[in-house]
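Results of the structural survey
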Amino acid sequence: MDPEFDDEGDDLISSFLLPEEKTKIVKNIDENKENWIKSVSLPKEFPFPFEPYEIQKGFMQGLYTCLEQGRVGIFESPTGTGKSLSLICGALRWLKDYQDQQKRELEQLLSGDTSKSDENKENKNGNSADGELDWISEFKTKQETGERSKKIKEEVEQRLKQEAKLTDMRKSRLSAMKRKRAKLEEEFDSLMKGASPEVKQSLNSELAENLSGEGDLDDGDEALIVADYASDEEAKTEGSDDEGDQETVHCTKVYFCSRTHSQLSQFVKEIIKSPYGDNTRVVSLGSRQNLCVNEAVRKLKSVTLINDTCRDLQKKKSDKKPTSDGKKRKVGISKGCPYYRQDPIQDYRDSALLEVRDIEQLVTLGKQMKACPYFGTRLAIPDAEIVALPYNTLLHKSTREASGIKLKDNIVIIDEAHNLLETINSVHSTEVTGAQLVRAHSQLSQYESRYRSRLKAQNLMYIKQILSILQNLTKCLGGKTDQVPDQQMLPFAETRLWTINDFLFHCQLDNVNMFKVLRYCKKSLISRKLYGFVEKYNPEIIPAAEKEKKVESSTSSLSNFLKTISGKGAHPDTGPAPDAVEERRERVVMNSPLMHIEGFLLSLTNADKDGRIVVNKQKLLSQSSIKFLLLNPAVHFADVVREARAVIVAGGTMQPVSEFRDQLFGAAGVPPARVLEYSCGHVIPGEQLLPIAMVTGPTGVQLDFTFQNRSKTTLLDELGRVVHNVCKVVPGGVICFFPSYDYEQFVYTHWENTGVLAKIGIKKKVFREPKKASQVDQVLARYSSCIQNCTGSMTGSLLFCVVGGKMSEGINFADDMGRCVMMVGMPYPNINSPELKEKMEYLNANYPKDSEGRKPGQVHYENLCMKAVNQSIGRAIRHQGDYATILLLDRRYCRAGTVAKLPGWISKHIQKEEKFGPALASISKFFANKR
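Residues numbered from 1 in each chain as written. Predicted model: local features only at pLDDT ≥ 70, side-chain atom pairs only at ≥ 80, totals over all residues. Heavy atoms only, no water.

A few words on the overall build of the protein. The helix and strand tally for the protein stands at 37 helices and 18 strands. Across the 931 residues in the protein, those meeting the buried criterion constitute 50%. Of the contacts made within the protein by residues no fewer than 6 positions apart, 81% connect residues no fewer than 24 positions apart. When the accessible area of the protein is evaluated, it comes to approximately 45100 Å², of which 49% is carbon and sulfur surface. (Helix = DSSP H or I, 4+ residues; strand = E, 2+ residues; numbered from the N terminus. Buried < 20%, exposed > 50% of the residue type's maximum accessible area, 1.4 Å probe, protein only. Contact = heavy atoms within 4.5 Å. Areas by Shrake-Rupley, 256 points an atom, 1.4 Å probe, with all protein chains shown as cover.)

Relative to the 26 Å expected for 18 residues at 1.5 Å per residue, helix α34 (residues 856-873) spans 25 Å between its end C-alpha atoms, a close match to the ideal helical length. Counting buried positions along α34 gives 15 out of 18 residues, so the element sits mostly inside the fold. (Expected span 1.5 Å × (residues − 1).)

Its identity is not glycine, yet aspartate 409 carries a phi of approximately 65°, on the positive side. Inspection of the secondary structure assignment puts aspartate 409 in the loop between α16 (397-402) and β5 (411-414). Even without being glycine, glutamine 508 reaches a positive phi, approximately 60°. One can find glutamine 508 in the loop between α20 (500-506) and α21 (514-524).

Further remarks concern the environment of leucine 798. Of note, leucine 798 is situated in strand β15 (residues 796-802). Between the C-alpha atom of leucine 798 and that of cysteine 786, which follows or precedes it by 12 residues, the distance is 9.9 Å. The contact partners of leucine 798, leaving out residues within four places of it in the chain, are Val723, Cys727, Val734, Cys736, Ile760, Lys764, Lys765, Val766, Phe767 and Tyr783.

Moving on, we get to the pattern of salt bridges. Throughout the structure, instances matching the rule amount to 31 salt bridges. Salt-bridge contacts for glutamate 494 lead to lysine 617; the nearest nitrogen and oxygen are separated by 3.8 Å. Pair noted here: glutamate 494 is in strand β7 (residues 494-499) and lysine 617 is in strand β8 (residues 611-617), with a separation of 123 residues, a long-range link. According to the relative accessible area criterion, glutamate 494 is partly exposed, its value standing at 30%. (Salt bridge = Lys/Arg side-chain N within 4 Å of Asp/Glu carboxyl O.)

Our next topic: the packing of aromatic side chains. Enumeration over the complete set of coordinates arrives at 27 aromatic pairs. Each ring, one from phenylalanine 46 and one from tyrosine 64, has its centre 6.0 Å from the other, and the planes form 75°; the classification is edge-to-face. Residue phenylalanine 46 is located in the loop between α2 (33-38) and α3 (54-69), and its partner tyrosine 64 is located in helix α3; the two are separated by 18 residues in the primary sequence. Judged by relative accessible area, which is 11%, phenylalanine 46 ranks as buried. Overall, the relative accessible area of 6% leaves tyrosine 64 in the buried class. Ring centres of phenylalanine 637 and phenylalanine 665 lie 6.2 Å apart, and the angle between their planes is 40°; on these two criteria the pair is classed as tilted. (Phe/Tyr/Trp six-rings, centres within 6.5 Å; stacked < 30°, edge-to-face > 60°.)

This part takes up the sheet that holds β15. With respect to topology, seven strands assemble into an open sheet ordered β14-β15-β13-β16-β17-β12-β18, the strand pairing being parallel. Pairing within the sheet leaves two strands with one partner each, and these edge strands are β14 (764-768) and β18 (911-913). Neighbour-to-neighbour, the strand axes of the sheet open up by a mean angle of 20°, direction not taken into account. Relative to strand β17 (residues 884-889), strand β16 (residues 820-824) runs parallel, the two being bridged by five bridges. Directly across from methionine 822, in β17, lies its bridge partner leucine 887. Helix α29 (residues 713-729) contacts β12 (689-694), β13 (732-738), β14, β15, β16 and β17 of the sheet and is inclined by roughly 175° relative to β16. Here helix α32 (residues 776-788) sits on the sheet in contact with β13, β14 and β15, set at roughly 150° to β15. (Pairing = 2+ DSSP bridges. Axes fitted to C-alpha atoms, helices over the stretch in contact; angles between N-to-C directions.)

So, about the packing of helix α19 (residues 457-476) against α21. The geometry of α19 relative to α21 is characterised by a closest axis approach of 11 Å and an angle of 115° between their N-to-C directions. Our pair here, α19 against α21, has a crossing hand that is left-handed. Taken together, the residues of α21 that come into contact with α19 (itself represented by Asn459, Tyr462, Ile463, Gln465, Ile466 and Ile469) are Met514, Lys516, Val517, Tyr520 and Cys521. Across the contact of α19 with α21, the residue classes tally to eight nonpolar, two polar and one charged. (Left-handed = near helix turned anticlockwise from the far one by under 90°. Nonpolar A, V, L, I, M, F, W, Y, C, P; charged D, E, K, R; others polar.)

Once that is clear, we can look at the sheet that holds strand β9 (residues 625-630). Across the sheet, four strands lie side by side as β6-β9-β8-β7; this open sheet has antiparallel pairing. Strand pairing shows two members of the sheet lacking a second neighbour, β6 (431-433) and β7, which therefore form its edges. Shown here is a sheet whose adjacent strand axes are inclined to one another by a mean of 15°, direction ignored. In terms of strand pairing, β8 meets β9 through six bridges, oriented antiparallel. Within β9, the position partnered with arginine 612 by the bridge is leucine 629. Taken strand by strand, helix α18 (residues 434-451) contacts β6 and β9, and its axis lies near 70° from that of β6.

This part covers the environment of glycine 90. Mapped onto the secondary structure, glycine 90 falls in helix α4 (residues 83-125). A C-alpha to C-alpha distance of 4.6 Å links glycine 90 and methionine 60, two positions 30 residues apart in sequence.

Turning next to the state of the cysteines. Linking two cysteines covalently through their sulfur atoms gives a disulfide. A complete count under the given rule lists zero disulfides for this structure. Looking at cysteine 476, it has no disulfide partner, and the nearest cysteine sulfur is the one in cysteine 507, 3.7 Å off. (Disulfide = S-S within 2.5 Å.)

This next bit is on α21. Restricting attention to buried positions, one finds in α21 the residues Met514, Phe515, Val517, Leu518, Tyr520, Cys521 and Ser524. Where α21 begins, one side-chain oxygen reaches toward the backbone nitrogen of phenylalanine 515, 3.2 Å away; that side chain belongs to asparagine 513. Positive phi appears at leucine 525, one or two residues downstream of α21, with a value of about 60°. (Polar contact = N/O pair within 3.5 Å; in protein donor to acceptor, adjacent residues only side chain to side chain.)

Structure (structure tokens):
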């Protein structure tokens, strides 16, 4: 390894806090919630759109305290208790108070500089013993004070100027911009209306030329040649035009992070509803796929193609050069993206900060202003008070830095954080397939062969080294780089795990300096050059001797596919169906597999103890893969908790909290005294919830859905009787969760053959969760419509769902949509999974046993199950007036340890029923009282 990287990652935990900070925190340990709330001067009230519930007041007080003390908080508030509004109003009340406090302190500091200097002068003059050196010390102190005051004044002036500018725009410029925009659109529409077909065709062909990346230079290949790397190391990285942003002063802000763009949009809508909606600067970040307004780029569908095409268009400037015949172009059409222009983007940034908008509204604004929302929103980050962003943007360091996000002294709130550890592991775990390795090797070797005479020695050396790495990784899978991966049969299938160091040694990569290779890939942009080469020449992955034969054959899959997605040489009637093309686009990184492989090589630079390599060999090389599995999420979360002033992880169900406290915060170096836990109950009274753990069914058959028993016919029949009886007494909608899609299919088929579904269908129309995300809304709409419009003996609908599926999270089954939620069995993950086994062994080796003597790996296994259960049963009870019953159909739910891991608002009301009769009677009485 390169010496300059030898110390990277070492002593990460010990460097988390300075010794004096640790001492300060330890001295301020509070033993209970009352003490730490009293230690902060809380505001008398929190602005709220309505009279808040008591639990909401307590939540906001706890949040305010956590932010004021700069702690790491774990906040649990059941879904339906107004968690989002509580987060918004509590955090923004603190932020506004903090801003006022900052202004007061700055004014005092600026006004007190002169008097303090005079004081120091008098004290120094009074010291006769060291009189000869007093004037030097005094001069140094005065100089430091003056420099500090000057810097503060500059920052204050810059901040005040920007705030004044935004205030003025809020008052006057918005209406002017609307008039100007309307006028420009009218003129453009008028121009295009009278344009001849030739002019319109010229515009379209020009855009097509821009996207193809050809014709930019007299020598089209010049743009594909890797620049001289020796000089590139000394120069600044290409494309870093935004270096001035690094000097921009960032105001103190809240970074709000959630899982999906839809959840972020919902959060922004809640800000609009809040009392802070009119005077808070908010910006939402998204991917190019979500924010791009260039239709020619958006239609590419593939995320990777969209990103690379956008980057290529950024570098293309307006073509003012004369054509080959000496004449200038008729129209000054930009050879880059028409939306990537600095002045419109600057105006877009200011407009985006004037009004709170979600992602869809930001896209609409970009279309209206003819400006790029992707770059405009990033330009608005320094002046925004709230930045809403998805998980990946926050949790991935390089993405965070590329987006211009600065966490230092700011607030980080991560919502829906119940699966935060798994999310971090997923973000930083990468997998490459045999097909990608062979494809990358073929493309790069042909690139090197074509441009060998034009490449510098340094570039040739690194390209040869990358080719060697790709070849060794392919050999590790048992394949060869000179054959089509779909035609390479492996002798046997197996899965094997390695430590990082052992894997590198096995692949003969232990003497390769990965840091230098990755630095070369980053600075040379080799993967993007390779993409341009592939787009232009469509190289195939076949030996040269067989090329002519394969080209003539209809089975030349790579060539045909490349021609299809690039629109070259494919007849519209003979090409593959659009759905098939889209699936293959998502399955394979087609622009340049090397870019994806770079992420895997970066994973190999992790510490040996923090990850494992899973080599999965299948019958075909193309289906085989090498995966880096991250075992220690704390190593990538440490930067967040170290830099941010305070970090809040919040969710409807945060149990078990011990995982966050030990595996994430503790392992990241957060002292226990800095961690604050807050959990509140539900807004509904106890009589509006009926949770029951059932042990047996109507005929006395024990409900034991362990893997050994769950396929038994007697158990399936008993489950059918349970569901049938429940559907007869529960009005509205019933949600039934199964552990997996396979088991749901197995039960459905059995009930269909035995007539159980027909019996259930008399009372409830049966719906099933689809496997395709695009069909979820359609199924939900039909499910809801049936509940609202049921007639005759029909009382509602029954929906079969899957734990961890598309309907187990983020779906609102309020009121009649979910009067009953049934959980069939316990959804334990596959204990034979190599990844899970390795994770459990890692936990057993690095963490102590719990108070009951159980190994941490076993506790983790149980926690994975219970977190999935809690998330699924939380689909019911969505507001204060809602009511529902929750039925846990398995004898194991009666165990004390299992009940303890349920949400507190459920566990304290749970009934354990040994017999089915009393349980059904309780359900009937519950709904009879509600009528």
